[in-house]
Amino acid sequence: MRPADAAAGAMLAPRGRRIGMLTPSSNTVLEPVTSAIMSSVRGATVHYARLRVTQITLGEDAGAQFAAEPMLSAAVLLADAHVDVIVWNGTSGSWLGLDRDRSLCAAISTAAGIPATTSALALAEAYRALGVRRIGLVTPYTDDVNEAIAARYADAGLECPVRLGCGLYVNEEFACVAPDVVEAMIRRAAASPDVEAVAVVCTNMNGAARSAALEREYGKPILDSVAVTAWQALRMAGVPRTGLAASWGGVFDIPQDEACGGG
């Protein structure tokens, strides 16, 4: 090391863990909710890059929003910040297929040299760790998107006996679904005897605020996509999640060795 480098190094404090998140461009929920979750976490920060996503349909144009190339470019830029994990904070793998997300994570890890995961993979890992197989879906989406999610879940051995949506396809509008509407949908799903857990499958629909309280009321996991993605990212970055479950749901109490790799 050159003397100048040694002098500069002496001025630098040890850095905490850093989480990089790839964010849909029209999403206005995941950043404030993630910030709220992280407000009580010591030694970790979250850093965002946006990718153009404006609608959720099963059409080719909408599917093209989730092409690998833009995500890889954004991931490489996040790598400049020396993040410890990169997360696609979107649930597209829920209807496009988890294998697509696994391929994306492998490509990001190759291009950026950093472990990667996605919201859809985080949800799948939470289902596995909690031992639940019958999921009540709560989304802002149209019925055909919910049916596609149920079909992909069936491929993974999961059942979706309850599928509730708002019939929306403009991504920016998902964040505007009224809190009492979201809560009523979660309650309807959780009340079904055929459901072992409820999943809010969208990172732009705010189910996190009431998840912990509704879990206690119904005695079932209520898995909000934003909260579960934060859990997965913290776990992969090796950051303790002590005290988060009371406000954000029991997923944060899953022991470290009960969950495995992100991709």
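Residues numbered from 1 in each chain as written. Predicted model: local features only at pLDDT ≥ 70, side-chain atom pairs only at ≥ 80, totals over all residues. Heavy atoms only, no water.

1. Some thoughts on the packing of helix H6 (residues 98-112) against helix H7 (residues 119-130)
Moving on, step 1. Two elements in contact, H6 and H7, have axes whose closest approach is 9 Å; the angle formed by their N-to-C orientations is 115°. As H6 packs across H7, the resulting crossing turns out to be left-handed. Mapping the contact onto sequence places Leu98, Asp101, Arg102 and Cys105 in H6 and Ala120, Leu121 and Ala124 in H7. (Axes fitted to C-alpha atoms, helices over the stretch in contact; angles between N-to-C directions. Helix = DSSP H or I, 4+ residues; strand = E, 2+ residues; numbered from the N terminus. Left-handed = near helix turned anticlockwise from the far one by under 90°. Contact = heavy atoms within 4.5 Å.)

2. Points about the pattern of salt bridges
Moving on, step 1. One pass over the full model with this rule turns up 11 salt bridges.
Moving on, step 2. Residue Arg210 is joined to Glu183 by a salt bridge in which the shortest nitrogen-to-oxygen separation is 3.1 Å. Taken together, the positions of Arg210 in helix H11 (residues 208-218) and Glu183 in helix H10 (residues 179-190) put the pair 27 residues apart, joining distant regions of the chain.
Moving on, step 3. Take Glu183: its relative accessible area is 19%, and that puts it in the buried class.
Moving on, step 4. A salt bridge links Glu217 to Arg187; the shortest N-O distance between them is 2.6 Å. Of this pair, Glu217 sits in helix H11 while Arg187 sits in helix H10; the two residues are 30 residues apart in sequence, bridging distant segments of the chain.
Moving on, step 5. In this structure, a network of salt bridges that share partners links the residues Glu183, Arg187, Arg210 and Glu217. (Salt bridge = Lys/Arg side-chain N within 4 Å of Asp/Glu carboxyl O. Buried < 20%, exposed > 50% of the residue type's maximum accessible area, 1.4 Å probe, protein only.)

3. Structural notes on the layout of surface pockets
Moving on, step 1. Its boundaries defined by the atoms lining it, the largest pocket holds a volume of some 220 Å³.
Moving on, step 2. In terms of lining, the largest pocket is formed by 16 residues, of which the most central are Leu98, Ala124, Arg152, Ala156 and Leu158.
Moving on, step 3. Elements with a minimum of two residues in the lining of the largest pocket: helix H5 (93-96), H6, H7 and helix H8 (143-155).
Moving on, step 4. In terms of residue class, the lining of the largest pocket is built from seven nonpolar, three polar and six charged.
Moving on, step 5. Here the second largest pocket is characterised by a volume of approximately 170 Å³.
Moving on, step 6. Pro179, Val182, Asn206, Gly207 and Ala209 are the residues nearest the centre of the second largest pocket, which is lined by 14 residues in total.
Moving on, step 7. Broken down by element, the residue count for the lining of the second largest pocket peaks at four residues, all from H10. (1 Å grid on protein atoms, 1.4 Å probe; cavity = no way out; pocket = protein on both sides within 12 Å on 5 of 7 lines; lining within 4 Å. Points joined across faces, edges and corners; volume = space filled by probe spheres on them. Nonpolar A, V, L, I, M, F, W, Y, C, P; charged D, E, K, R; others polar.)

4. Focus: helix H4 (residues 68-79)
Moving on, step 1. Compared with an ideal rise of 1.5 Å per residue, which puts 12 residues at 16 Å, H4 spans 16 Å between its outermost C-alpha atoms and is within 8% of the ideal.
Moving on, step 2. The complete set of buried residues in H4 reads Met71, Ala74, Ala75, Leu78 and Ala79. The buried residues of H4 occupy one face: seen down the axis, they fall within an arc of 150°. Residues of H4 that are exposed and point more than 90 degrees away from the buried face comprise Glu69 and Leu77.
Moving on, step 3. On the buried face of H4, the contacting elements are strand E1 (17-24), strand E2 (44-51), strand E3 (85-88) and H6. (Expected span 1.5 Å × (residues − 1). Arc of directions from axis to C-beta.)

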